[in-house]
Amino acid sequence: MNTSNRLRIAIQKSGRLSKDCQSLLKQLGVKLNLREQRLIAHSTNMPIDVLRVRDDDIPGLVMDGVCDLGIVGENVLVETQAERERAGQSNAVKKLSKLDFGYCRLALAWPQELGAQSKDWFNGKRIATTYPEILKQYLVKENIDASVVMLTGSVEVAPRAGLADAICDLVSTGATLEANGLMQGDTILESNACLIQNANLNDDSKLSLINKLLPRLKGVRQAKE
Ligand code: PRT
Ligand code: ZN
């Protein structure tokens, strides 16, 4: 549990969500000195500390109460929840808001030269992914008997490298699939960045600070529409 009396927010240190997280905090009026490469940045005008970590660690930090809030892609949140469910670990979080950045979809793809394929084609095939839990849930739901190959990176080269027949990966523009000669199929999950809160947070001063930030967040989101 975060026993500090400062609200602790986990954001991605460096990656696709970092810039947007930093500018969101700025728009909410949270002043931070992020110049130094430190793990924790203290706000200079609010009782807030920002923890900068790998995106994969964010849901767990919030679920375990190490951080009070976190900003993470729904893809990582849903995968972590399923992983922790399987391991019998606590996985509840309160989803406070969807955010207007980090949009992508988790989709199936296979070599273009095979042409269009129905779901039946996946039976007996190997599918490479970084999101094994989400993929397995989809396979069960669709009654597809495929095996899952877990890769933490370079998923798009798996078919060419002979590691898998197809992939299930994040897509935004589709350029990566195209560059690797892959054809996009069904979308399994649509994802945006989202703001999550520890499900057991009961510190009144932190809750009232969150209640002050949320209307600002709503304002920032409306201004973008
Ligand atoms: O180091 P750390 O673990 O923190 O970062 P990471 O490398 O795991 O994640 P990062 O920074 O790549 O992505 C962070 C989050 O951004 C993801 O979890 C998603 O929620 C979101 N996001 C949005 C994306 C994309 N768009 C995206 N296009 N994450 C990854 N991609 C990759 C995808 O995996 C593929 O390799 O981009 C490629 C496809 O992009 P297009 O535009 O060619 O289709
Ligand atoms: Zn990551």
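Conventions and cut-offs
Residues numbered from 1 in each chain as written. Chains lettered and ligands numbered in written order. Predicted model: local features only at pLDDT ≥ 70, side-chain atom pairs only at ≥ 80, totals over all residues. Near = placed C-beta within 6 Å. Helix = DSSP H or I, 4+ residues; strand = E, 2+ residues; numbered from the N terminus. Nonpolar A, V, L, I, M, F, W, Y, C, P; charged D, E, K, R; others polar. Domains from an automatic or database assignment. Pairing = 2+ DSSP bridges. Axes fitted to C-alpha atoms, helices over the stretch in contact; angles between N-to-C directions. Contact = placed C-beta atoms within 7 Å.

Undergrad: What's the story with the site of ligand 1 in this structure? I'm lost.
TA: Neighbouring ligand 1 are 21 residues; Gly15, Gly73, Cys104, Thr173 and Thr176 lie closest to it. When residues of the shell around ligand 1 are traced back to their parent elements, those giving at least two are helix 3 (74-87), strand 9 (166-171) and helix 5 (175-179). Looking at side-chain class alone, the shell around ligand 1 contains six nonpolar, 10 polar and five charged residues. Of the residues that make up the shell around ligand 1, three or more belong to each of domain 1 (7-102 + 193-224) and domain 2 (104-191).

Undergrad: How should the sheet that holds strand 8 (residues 147-150) be read in this particular structure?
TA: Strand pairs in the sheet, formed through backbone hydrogen bonds, run parallel or antiparallel to each other. As summarised here, the arrangement of the five strands in space is 8-7-9-6-10, forming an open sheet in which the pairing is mixed. Edge positions in the sheet fall to strand 8 and strand 10 (182-191), since each of these pairs with one other strand and no more. Going across the sheet, the axis of each strand differs from the next one's by a mean of 30°, ignoring polarity. Inspection of the sheet shows strand 7 (residues 126-129) paired to strand 8 by four bridges, in the parallel sense. Bridge assignment links Thr129 to a residue of strand 8, and that residue is Met150. Running over the sheet, helix 3 touches strand 6 (104-111), strand 9 and strand 10 and is turned about 75° from strand 10.

Interpretation note: all reported values are geometric properties and have no functional meaning in isolation.
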